[in-house]
Amino acid sequence: MKFGKHFTERQGGLPTEWVDGCVDYVLLKKYIKGLIKPLSLAAFASSSNEAQKAGSFADQIETQAAGLVPAVAGFFRRLDTEVEKFSTFYEKEVKGLDVRATEAGADADALLQDVVKLESLVFLNYTGITKIVKKCDRHSGMRVGEAYVVQLSTHASFCKAEALTALKKRFIEIVCGATGSHGRTSMPPSPILTSRGLAFPRPGASGKQTAPTVPLLPQQKLLVTMTGPHGTDIIDAVLESLALHGCEVDDFVLSRLYHTVTFGCLVRVGAHSVAVFRTLADAARKWDATLSFDVQDTTAMPLLPVDPRNKDAPAPAPATTQASATSATAALEDAPYSGRVKYTATLLNQNGLSTAFLHLWTRLLLDARISVEKMTRLSTTSSPMLCSVEYRLSVPVSVDFDAFRAQLFALSSESGTDVAVQLNDVFRAHKRLVVFDMDSTLIQQEVIDEIARLAGVSDDVARITEAAMNGELDFRQSLAQRVLLLKGTPVHILDTVRAQLTFTPGARFLCAALKRLGFKLAVISGGFMPLALHVKHTLGLDYAFANQLKVSADGTTLTGETHGPIVDGQRKAELLDVLAQAEGIGPEQVIAVGDGANDLWMLAAAGLGIAFNAKPKVQKEARTRLNQTSLRNVLYLLGYTDDDAKQLADLDLDR
């Protein structure tokens, strides 16, 4: 929500005299738009008005500034008037509270409620002032707002707030009965913020409190952000300022760009903390930093209107205000929107991610109203190319994900760049079992084609194989046809094929790395068991399943038949489920990697199904595609960086 709208909505629950006493944010905003923006130095720099740019650049600047400076000065005069108005109102209210406190029968509960309301109004107006001077800076091109805020923090009575703080402490002590018989004041119990306002635990007959306490005074949530070139000093400056005024941190986020650090804190500002603004401003000036803050708790109880049906209960906040309050409850790294689902997207191109692709990818997200919450580089910074980036996305539940995936598939195909989108839940980071196809996945050959080549029937077998892998033939029928062509082939040919197998680049490293990370690994192949066992032993896998070739009674030739269950697509999915059960995990913790049409069942059954350099039909139907040379890139899809991979390599893994 825009702050101007938020400011107006918050005023909607105030008495007329309180509204009149507030800074007129809308008036000041109109002044900036009407008188400062047209004279902006920033607008001047981008203007294409040739008449305006006649003469030397120095003359142009002098002319523009001659009109701008008086306009900016006029803005600050108007702002001074508004600040003085609010200061006068504030001082009058504080004095009124003090007078009411001395009257006979004064209701300390009601007085404390009014103190809290006034304190919340101070936060609102102070935020409005800082917002409007930053808007003036932005539109004028002049950087004078920070100096104004520093002076304000030093001189304005509502920024120092000693009198209001003293009143609050006094009323809390009265309400809680905290003054002892010897005139010494003990620590009062903390008030509890309820739907009806502030509830204060009172001592019972035993002298003990009749309600549980919470370590919170009525508080305002603020988002404090400081950006500067001094790294850890910036972090310490913010935390020192907050600690000095008893503020508590609910959440924080840190971003670094070389020496420049941005440190943001979601802060609960307590009873004696109004002066924290001045301390933060001083710290920012000391460390040559930029300071900003926003009011986050937009549903603060004291500023809500009273429901006429129940004078003790605040009326519900407007729907727009309630919606904007999500920013106060969500983590700072989250997009502050409701009705969203978190996803992780991994972008990958071994030849480098081009800016053209990144632009088109971002436009696709914008068109779907998908928000980017975080971007992390996975490929090493020592590489001259940016090859892999992980995005955390906030996706509206209304997004048609099938349509989005279709658009993504088209974009990926055109650019040769893979984008893997996964639900960002606990299972994404806790996979435990990886199931591989063998042919054209862990190894680069199709084993039946290699056997056929040595048997002299390669052309016939290759045609059937291609049709099967493209989904044009039923796998069981195609397997029977191909095996029949091998009838009479010597069994020792399998040994020759075994010796000629070529492992896919990265297969050895990936399997060794996954084993080191605690994964269980399996190969489930539509090929043949002798070769699957070889792959299992070579790569250190835990399980191997494949078809069994039937041999003659003397064990010297193939009969052209198989025996035992046929490992087709459905059987692969069944075996995946059996292995998951054996390992005590669900399918969402399983990864499947394959390339052929008979792999689609297990790719769909796994939590992460990866079509690796797959056939066109598989590319189109699979949820995740990986069209890179090395299987090592699977680690990117699991969130591992090149630095992580290097640590694994340094453990003397077999690569």
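Quick caveat, the model's predicted, so the values are computed rather than measured.

K.L.:
Explain the overall build of the chain to me, and be specific about the residues and the numbers.
P.N.:
Tallying secondary structure elements over the chain gives 26 helices and 19 strands in all. Counting every position in the chain, which comprises 655 residues, the buried fraction comes to 48%. Long-range contacts, defined as pairs at least 24 residues apart, comprise 69% of the intrachain contacts of the chain with a sequence gap of at least 6. Carbon together with sulfur atoms contributes 54% to the accessible area of the chain, which is approximately 31,100 Å² in total.

K.L.:
Quick rundown of the sheet that holds strand E17 (residues 590-594)? Include the residues and the values.
P.N.:
Spatial ordering of the open sheet is given by E16-E15-E14-E13-E17-E18-E19, a layout of 7 strands whose pairing is mixed. Among the strands making up the open sheet, the edge pair consists of strand E16 (558-563) and strand E19 (624-626). Sheet twist, expressed as the average angle between the axes of neighbouring strands with direction ignored, equals 25°.

K.L.:
Describe in detail unusual backbone geometry, supporting the description with residues and values.
P.N.:
One non-glycine residue with positive phi stands out, namely Tyr-258, at about 55°. As for its position among the elements, Tyr-258 is in the loop between strand E4 (248-257) and strand E5 (260-269). According to the relative accessible area criterion, Tyr-258 is exposed, its value standing at 73%. Of note in this structure, Ser-440 is not a glycine but carries a positive phi near 60°.

K.L.:
Before we move on, could you go through the nonpolar core and cite the residues and values that matter?
P.N.:
One finds Ile-36, Phe-75, Leu-79, Phe-158 and Met-226 to be the most contacted residues of the largest nonpolar core, which totals 69 residues. The next biggest cluster of nonpolar side chains, apart from the first, holds 59 residues, and it includes Met-438, Ile-448, Ile-451 and Ile-566.

K.L.:
An account of the pattern of salt bridges is needed here, citing residue identities and associated values.
P.N.:
A complete count under the given rule lists 19 salt bridges for this structure. One salt bridge connects Arg-453 with Glu-450, and the closest N-O pair in it is separated by 3.1 Å. On the criterion of helical spacing, the pair formed by Arg-453 and Glu-450 is a turn pair, its members being 3 residues apart in helix H16 (residues 447-455). Given a relative accessible area of 41%, Arg-453 falls into the partly exposed group. Between Lys-615 and Asp-595 there is a salt bridge; the shortest N-O distance is 2.5 Å. Placement of Lys-615 in the loop between strand E18 (608-612) and helix H24 (616-621) and of Asp-595 in the loop between E17 and helix H23 (600-605) is noted, with a sequence separation of 20 residues between them. No difference in accessibility class separates Lys-615 from Asp-595, as the two residues are buried.

K.L.:
Could you give me a rundown of the pairing of strand E3 (residues 220-228), with the residues and numbers involved?
P.N.:
Among the 9 residues that make up E3, 7 are buried, leaving the element largely enclosed by the rest of the structure. Sheet analysis places E3 next to E5, joined by 9 bridges and oriented antiparallel. The residue bridging Gln-220 from the neighbouring strand is Val-269, located in E5.

K.L.:
Give me the pairing of E4: which residues, what numbers.
P.N.:
Along a regular strand, successive side chains alternate from one face of the sheet to the other. Where E4 lies against E5, 9 bridges are found, and the strand directions are antiparallel. Pairing of Phe-252 across the sheet is with Cys-265, part of E5.

K.L.:
So what's going on with the packing of aromatic side chains? Which residues, and what values?
P.N.:
In the structure shown here, the tally under the stated rule is 10 aromatic pairs. Between Tyr-343 and Phe-401 the ring centres are 4.6 Å apart and the planes differ by 20°, which places this aromatic pair in the stacked class. Taken together, the residues Tyr-343 in strand E9 (residues 340-348) and Phe-401 in helix H15 (residues 401-415) connect sequence positions 58 residues apart. Tyr-343 gets classed as buried once you look at its relative accessible area, which sits at 16%. Seen from their ring centres, Phe-401 and Phe-404 are 5.6 Å apart, and the 50° between their planes marks the pair as tilted.

K.L.:
Please give an account of H15 that cites residues and values.
P.N.:
If you check H15, its first and last C-alpha atoms are 21 Å apart, about what 15 residues at 1.5 Å a residue would give, namely 21 Å. Within H15, burial applies to Phe-401, Phe-404, Leu-408, Leu-411 and Ser-412. Down the axis, H15 shows its buried residues gathered within 100° of arc, on one side only. Exposed positions of H15 whose direction lies more than 90 degrees from the buried face are Asp-402 and Glu-414. In the core, the buried residues of H15 are packed alongside E9, helix H14 (355-367), strand E11 (388-396) and strand E12 (418-423). The N-terminus of H15 is capped by Asp-400, whose side-chain oxygen sits 3.2 Å from the backbone nitrogen of Asp-402. Trailing H15 by a residue or two, Gly-416 shows a phi angle of about 70°, which is positive.

K.L.:
Help me get a handle on a nonpolar patch on the surface, residues and values and all.
P.N.:
Together, Leu-239, Val-249 and Phe-252 line one region of the surface with nonpolar side chains, adding up to about 260 Å² of accessible area. Looking at where Phe-252 falls in the secondary structure, it is placed in strand E4. According to the relative accessible area criterion, Phe-252 is exposed, its value standing at 52%.

Calculation rules
- Residues numbered from 1 in each chain as written.
- Predicted model: local features only at pLDDT ≥ 70, side-chain atom pairs only at ≥ 80, totals over all residues.
- Heavy atoms only, no water.
- Helix = DSSP H or I, 4+ residues; strand = E, 2+ residues; numbered from the N terminus.
- Buried < 20%, exposed > 50% of the residue type's maximum accessible area, 1.4 Å probe, protein only.
- Contact = heavy atoms within 4.5 Å.
- Areas by Shrake-Rupley, 256 points an atom, 1.4 Å probe, with all protein chains shown as cover.
- Pairing = 2+ DSSP bridges.
- Axes fitted to C-alpha atoms, helices over the stretch in contact; angles between N-to-C directions.
- Core = buried A, V, L, I, M, F, W, Y, C linked by side-chain atoms within 4.5 Å.
- Salt bridge = Lys/Arg side-chain N within 4 Å of Asp/Glu carboxyl O.
- Phe/Tyr/Trp six-rings, centres within 6.5 Å; stacked < 30°, edge-to-face > 60°.
- Expected span 1.5 Å × (residues − 1).
- Arc of directions from axis to C-beta.
- Polar contact = N/O pair within 3.5 Å; in protein donor to acceptor, adjacent residues only side chain to side chain.
- Patch = residues over 30% accessible without salt bridge, like charges linked within 9 Å, V, L, I, M, F, W, Y side chains within 5 Å.

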